[in-house]
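Examining the three-dimensional arrangement
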Amino acid sequence: MYDPRNVEGKWYQFWEEQGFFHVEPDDPGEVFSVVIPPPNVTGSLHMGHALNVTLQDVLVRWRRMQGRLTVWVPGTDHAGIATQHVVEEMLAREGTDRRSLGREAFVERVWQWKERYGGIITRQLRRLGASCDWRRERFTMDEGLSRAVRQVFVDLYERGLIYQGNYIVNWCPTCATTLSDIEVEHEERDGKLYHIRYPLLGGDGYITVATTRPETMLGDTAVAVHPEDKRYEHLVGRYVVLPLVNREIPIIADDMVDPDFGTGAVKVTPAHDPNDFEMGQRHNLEQVQVIGLDARMTKEAGPYAGMDRYECRKALVRDLEAKGFLVKVEDHRHAVGQCYRCDTVVEPLVSKQWFVRMKPLAAPAIEAVKDGRVRFVPERFAKNYLHWMENIRDWCISRQLWWGHRIPVWTCQRCDHQFAAADDPAFCPNCGSEDLEQDPDVLDTWFSSALWPFSTLGWPEHTKDLERFYPTSVLVTGFDIIYFWVARMIFMGLYFMHKEPFRHVLIHGLVRDALGRKMSKSLGNGVDPLEVIEEYGADALRFTLVTGIAPGNDTRYQPEKVEASRNFCNKIWNAARFAMMNLQDYTPDGTDLRSLPLNLHDRWILSRLEWAAAEINRHLERFDLGEGARTLYDFVWSELCDWYIELIKPRLYGRAGEESRCTAQAVLWHVLETTLRLMHPYLPFLSEEIWQHLHRVTGTPLPVPSVMVASWPAPAGFRDEAAEEEMQALIEIVRGIRNVRAEKQVEPGRQITAILQAPGSRRGMLEEAVPYIQALARVGAVTFIDEAAPAPEQAVAIIAGGVQVHLPLAGLVDIEQEVARLEKELAETAQQLAAVNARLNNEGFVSKAPEHVVQRERQRQQELAEKERLLRQRLAELRS
RNA sequence: GCGGGAUUAACUCAACUGGCAGAGUGCUUCCCUUACAAGGAAGAAGUUCCGGGUUCGAGUCCCGGGUCCCGCACCA
């Protein structure tokens, strides 16, 4: 039984020590380069990583074997909020917090933490077999990448593409920082719609507004209606008195108001709602901030000051009701924005933040995808990308955190001059003062990861790596970060490198649990890949993750699937053991296999192997890793193991003479060795273990030190259609006999006799195959009779592969049963034949279908007609 | 509201440019046959969600509908 535990670690260490993962930019060859989506330093490997990394590793190992100059750049992301949280929690356990530590000391603690735990995930990637070039490992906060971040910031700042402004942003009160638009998740929730009466100034009536957030009314600075709304036309321009607050605010008309929603009149709170903010700008409305950074009411909220926003809502509604302003409260389902990190309801508020002006950056990034310089696989994701890019808003990049790239902007405390600088400045370039203050905020983590494809290669230095490996060949990532990351890499890459950062984006789905649920900490349904590796091996996990997946689609993790993969590994292991047992006295001597007296099944397996190799290659080219895996599986199990190995057993045991034995050995060696290379991208450890053994056992010097640097199988002209057709017939005959044995319940050990009636075209093949039919179908004597001869008595007839096989089974043959069986088969055959005939008699089909399709149908027609003829003949004999 | 997926054997999923609907698991029967019981042999199992259409031919393309899922959106 194969035990991966004793195998995997050893080979990974060997590969890494031998430097097989590493290449130099000066090395020759067409480039295949990949950058890993950097996992969070705080993270540990989950199934999503495992899938993502396996896909990359399969592609990388395959291309490397193909001879491409292949580099896979690994690294980790500093993950601002997540990492800061982790360290803050640690501090909390120590009974302290970051504020008592102070900024510098806190950042120092985070670095310590990173040094200590940051390596966990990269070690886990090694366990999976990831063939990353670890000498190129980077971290988004290391010196080089920080330099790149500063350079980019300064550049964009100086070109006016980064600006600072007072705008409405998303604020997470728990994380105490702003969030970009995409970091806010909208979730439908049951809420209430409050209808509140706002009295007109002058006391001659009122206007009723509807809101889901009554507490924000304290910050209302207008009421808006649609300009064409007849109901309110006469009120536009008048004022209302804000209840409880007694502020006089105008009634304005704005297109944004939907007359059909609520009462058609909307309260406007420019300081706490993005739409209201815009409306406020259009109408020059005052902003009154009534909710603070701590999600408590500010002093602007008067009597409500200090209350939490939800407490305030309750109190306010009570007061409105008491004073008769509340008209009604309706149930209302609406989307509430929540922080993607901590699920806290986000508070929109106005503050001074840094933004990236997106329109000019987005335009080329849209073009690059539209004209196919960047291709999404599957293509449909391009649509999402384009839609988002085309409707993009400016990107809020400042975060009120301490862990991250600090914004490289300084303000002179003497002359107020503000400037960005790549290097920490000693004095103000304007007035020379040394009294400078740096902006306290840090950048959105995604700002640095947006640079990843070129910053990891050395930018802003003009390195050889950058020149050789950029643009990268393919980016492999999940659909969930297309906006966060992929889109941003594309515009940054185009802007700073003038070239798209990658040619293909391979998108994969989520790994869900066995019930189809998202794996999550709160559900506790996550499966730890490391535990799976411990139990089943990395190869089994890898194979599981890539089998049966289609690009972009989610997959479910089911333990049975890993078992199936583990079994596959074991199957290969046992087949290899068998092969090696029988190859101990064999050493490949470079003889061309074609010069050997090849048997039918030799030619067949060589042909099938070559077909499988071409097929796997084709699937990999198309990023169809799942189909490639399936092809490999089917070839190894259903062809190599089930048939070829069984067929050569008599030969290997010397029953067909020494020459036949040597030939079988030569073919077996070749097929196994080639198959190991074919499987290596999927099953790196197992293939290496066997490949090394195989060479040692057969005393073959290694052509290269490892299968991972061996060459990818290339076509060698072994395709043989005739052999495949004949072998197919032989398989059908063997199966036919086995089937009859099972149906007639012939004892497994009992040998039976077979009498063959075959056309001349099959005669040679069958005569050669006699010993194999005997071995595989447990047949004793095999005799041939003339095609025209009458069928033997008391025999069951099988019509398969264009051949009649008679099995005399005295005592087991019931004529009536036999007639019934053959009639059933005849009916099926006749039906199939009728369908084929109908197709071929159809003028349209013959004239319009491609030649090879018509040809195949003709072939089939012939076979079916022959089968039908033989069945009828046999039935007639039985009935006479 | 707009967009996108999914829908195929009991379960989980494949099926490239339209060309004989396939695997794995499970199920039934038999077998410890000198690589492998994590195995071998044989077998049962399908209205490809429904209804139209295009086509010689549709799981695949088009139109309409059902169910489930996911994005995006300024319904306060």
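Section: the packing of aromatic side chains
According to the stated counting rule, one finds 38 aromatic pairs in the structure shown. For the pair tyrosine 12 and tryptophan 15, a centre-to-centre distance of 6.1 Å together with 70° between the ring planes defines the contact as edge-to-face. One end of the pair, tyrosine 12, and the other, tryptophan 15, are both in helix 1 (residues 8-18), 3 residues apart, so they sit about a helical turn from each other. Relative to tyrosine 633, the ring of phenylalanine 568 has its centre 4.6 Å away and its plane inclined at 40°; by these criteria the two rings are tilted. You can see phenylalanine 568 sitting in helix 18 (residues 559-581) and its partner tyrosine 633 sitting in helix 20 (residues 625-652), a full 65 residues away along the chain. Taking NZ or CZ as reference, lysine 114 lies 4.3 Å from the ring centre of phenylalanine 139, over its face. Above the plane of the ring of tryptophan 134 lies arginine 126, whose end atom (NZ or CZ) is 3.9 Å from the centre.

Thoughts on the confidence of the model for chain A
Averaged over every residue, the pLDDT of chain A is 91; residues scoring 70 or more account for 100%. Both confidence scores are given for the complex: pTM 0.93, ipTM 0.95.

Side note on helix 27 (residues 851-879)
Along its 29 residues, helix 27 runs 42 Å from first to last C-alpha, staying within 8% of the 42 Å computed at 1.5 Å per residue. Among the residues of helix 27, Val853, Val854, Glu857, Leu864, Glu868, Leu870, Leu871, Arg874, Leu875 and Leu878 are the ones counted as buried. Against the buried residues of helix 27 lie strand 28 (795-800), strand 29 (803-808), helix 25 (815-841) and helix 26 (843-848).

Side note on the protein's contact with RNA strand B
Neighbouring residues of RNA strand B: 59 residues in total, closest Arg566, Arg618, Glu627, Trp637 and Lys848. Counting only atoms of RNA strand B within 4 Å of the protein, the sugar-phosphate share comes to 63%. Here a sugar or linking oxygen of RNA strand B sits 3.4 Å away from a polar atom, N or O, in the side chain of threonine 212. One of the side-chain nitrogen or oxygen atoms of arginine 566 is found 2.8 Å away from a base nitrogen of RNA strand B. For the surface near RNA strand B, the elements supplying multiple residues, two or more each, are strand 13 (326-339), helix 11 (380-390), helix 18, helix 20, helix 23 (721-743), helix 26 and helix 27. No other element matches helix 18, which puts 11 residues into the surface near RNA strand B. Each residue belonging to the surface near RNA strand B can be placed in one class, and the counts come to 23 nonpolar, 14 polar and 22 charged.

The rules we used
- Residues numbered from 1 in each chain as written.
- Chains lettered and ligands numbered in written order.
- Predicted model: local features only at pLDDT ≥ 70, side-chain atom pairs only at ≥ 80, totals over all residues.
- Heavy atoms only, no water.
- Phe/Tyr/Trp six-rings, centres within 6.5 Å; stacked < 30°, edge-to-face > 60°.
- Helix = DSSP H or I, 4+ residues; strand = E, 2+ residues; numbered from the N terminus.
- Lys NZ or Arg CZ within 6 Å of the ring centre and 35° of its normal.
- pLDDT = per-residue confidence, 0-100.
- Expected span 1.5 Å × (residues − 1).
- Buried < 20%, exposed > 50% of the residue type's maximum accessible area, 1.4 Å probe, protein only.
- Contact = heavy atoms within 4.5 Å.
- Near = heavy atom within 4 Å.
- Polar contact = N/O pair within 3.5 Å; in protein donor to acceptor, adjacent residues only side chain to side chain.
- Nonpolar A, V, L, I, M, F, W, Y, C, P; charged D, E, K, R; others polar.

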